[in-house]
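For reference, the chains in residue letters:
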Amino acid sequence: MLMFIIAVICIILSLAALTLRKTFYYLPEKELKRQAKHGDGLAKVLYRAVAYGAALQLLLWLLIGVFAAVGFVLFA
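Overview of the structure.

Conventions adopted
- Residues numbered from 1 in each chain as written.
- Predicted model: local features only at pLDDT ≥ 70, side-chain atom pairs only at ≥ 80, totals over all residues.
- Heavy atoms only, no water.
- Phe/Tyr/Trp six-rings, centres within 6.5 Å; stacked < 30°, edge-to-face > 60°.
- Helix = DSSP H or I, 4+ residues; strand = E, 2+ residues; numbered from the N terminus.
- Core = buried A, V, L, I, M, F, W, Y, C linked by side-chain atoms within 4.5 Å.
- Buried < 20%, exposed > 50% of the residue type's maximum accessible area, 1.4 Å probe, protein only.
- Contact = heavy atoms within 4.5 Å.
- Axes fitted to C-alpha atoms, helices over the stretch in contact; angles between N-to-C directions.
- Parallel < 35°, antiparallel > 145°, perpendicular 65-115°, else oblique.
- Left-handed = near helix turned anticlockwise from the far one by under 90°.
- Nonpolar A, V, L, I, M, F, W, Y, C, P; charged D, E, K, R; others polar.
- Lys, Arg positive; Asp, Glu negative; His and termini not counted.
- Salt bridge = Lys/Arg side-chain N within 4 Å of Asp/Glu carboxyl O.
- Patch = residues over 30% accessible without salt bridge, like charges linked within 9 Å, V, L, I, M, F, W, Y side chains within 5 Å.
- Areas by Shrake-Rupley, 256 points an atom, 1.4 Å probe, with all protein chains shown as cover.

**A few points about the packing of aromatic side chains**
Here's step 1: Under the counting rule described, the total for this entry stands at one aromatic pair.
Here's step 2: Ring geometry for Phe 4 versus Phe 75: centroids 5.6 Å apart, planes at 65°, classification edge-to-face. Of this pair, Phe 4 sits in helix 1 (residues 2-24) while Phe 75 sits in helix 4 (residues 54-75); the two residues are 71 residues apart in sequence, bridging distant segments of the chain.

**Notes on the nonpolar core**
Soluble globular proteins tend to bury their nonpolar side chains together.
Here's step 1: One finds Phe 24, Leu 32, Ala 36, Ala 43, Leu 46, Ala 49, Val 50, Leu 56 and Leu 60 forming the largest nonpolar core, which totals nine residues.
Here's step 2: Looking at this core, the elements that each hand over two or more residues are helix 2 (29-37), helix 3 (41-50) and helix 4.
Here's step 3: Broken down by element, the residue count for this core peaks at four residues, all from helix 3.
Here's step 4: In this structure, Leu 56 is in contact with Phe 24, Tyr 25, Ala 49 and Val 50, ignoring residues within four places of it in sequence.

**Points about the packing of helix 1 against helix 4**
Here's step 1: Closest axis-to-axis distance for the helix 1/helix 4 pair is 8 Å, and the angle between their directions is 155°. Taken together, the axes of helix 1 and helix 4 are roughly antiparallel relative to one another. Relative to helix 4, the crossing made by helix 1 is left-handed.
Here's step 2: In terms of residue class, the contact of helix 1 with helix 4 is made up of 23 nonpolar, two polar and one charged.

**Structural notes on the side chain of Arg 21**
Here's step 1: Tracing the sequence through the fold places Arg 21 in helix 1.
Here's step 2: Although buried, Arg 21 forms no salt bridge, and the nearest oppositely charged side chain, Glu 29, lies 13 Å from it.
Here's step 3: Residues in contact with Arg 21, not counting those within four places in the same chain, are Leu 60, Trp 61 and Ile 64.

**Quick look at a nonpolar patch on the surface**
Here's step 1: The grouping of Met 1, Phe 4, Ile 5, Ile 9, Leu 13, Phe 72 and Phe 75 at the surface amounts to a nonpolar patch, some 760 Å² of accessible area in total.
Here's step 2: No other element matches helix 1, which puts four residues into the nonpolar patch.
Here's step 3: Note on placement: Phe 72 falls in helix 4.
Here's step 4: A residue is classified by how much of its surface remains accessible, and Phe 72, at 54% relative accessible area, is exposed.

Given below as structure tokens:
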């Protein structure tokens, strides 16, 4: 039962990381920067994260892969 709960938590974390990746890269970086300069509060917060560029993308893909793999292995 505990393995099932851990597997579900891993799958949920994988989906959360996937949602973050989709959210951060919905708008191009230049557009987020432009909106942040014009005072959009949400764009400022998103731009701070998106400014990390490839490092953030790599981290999110790594989290998605690891959590999904662990979750599916535990389900099996």
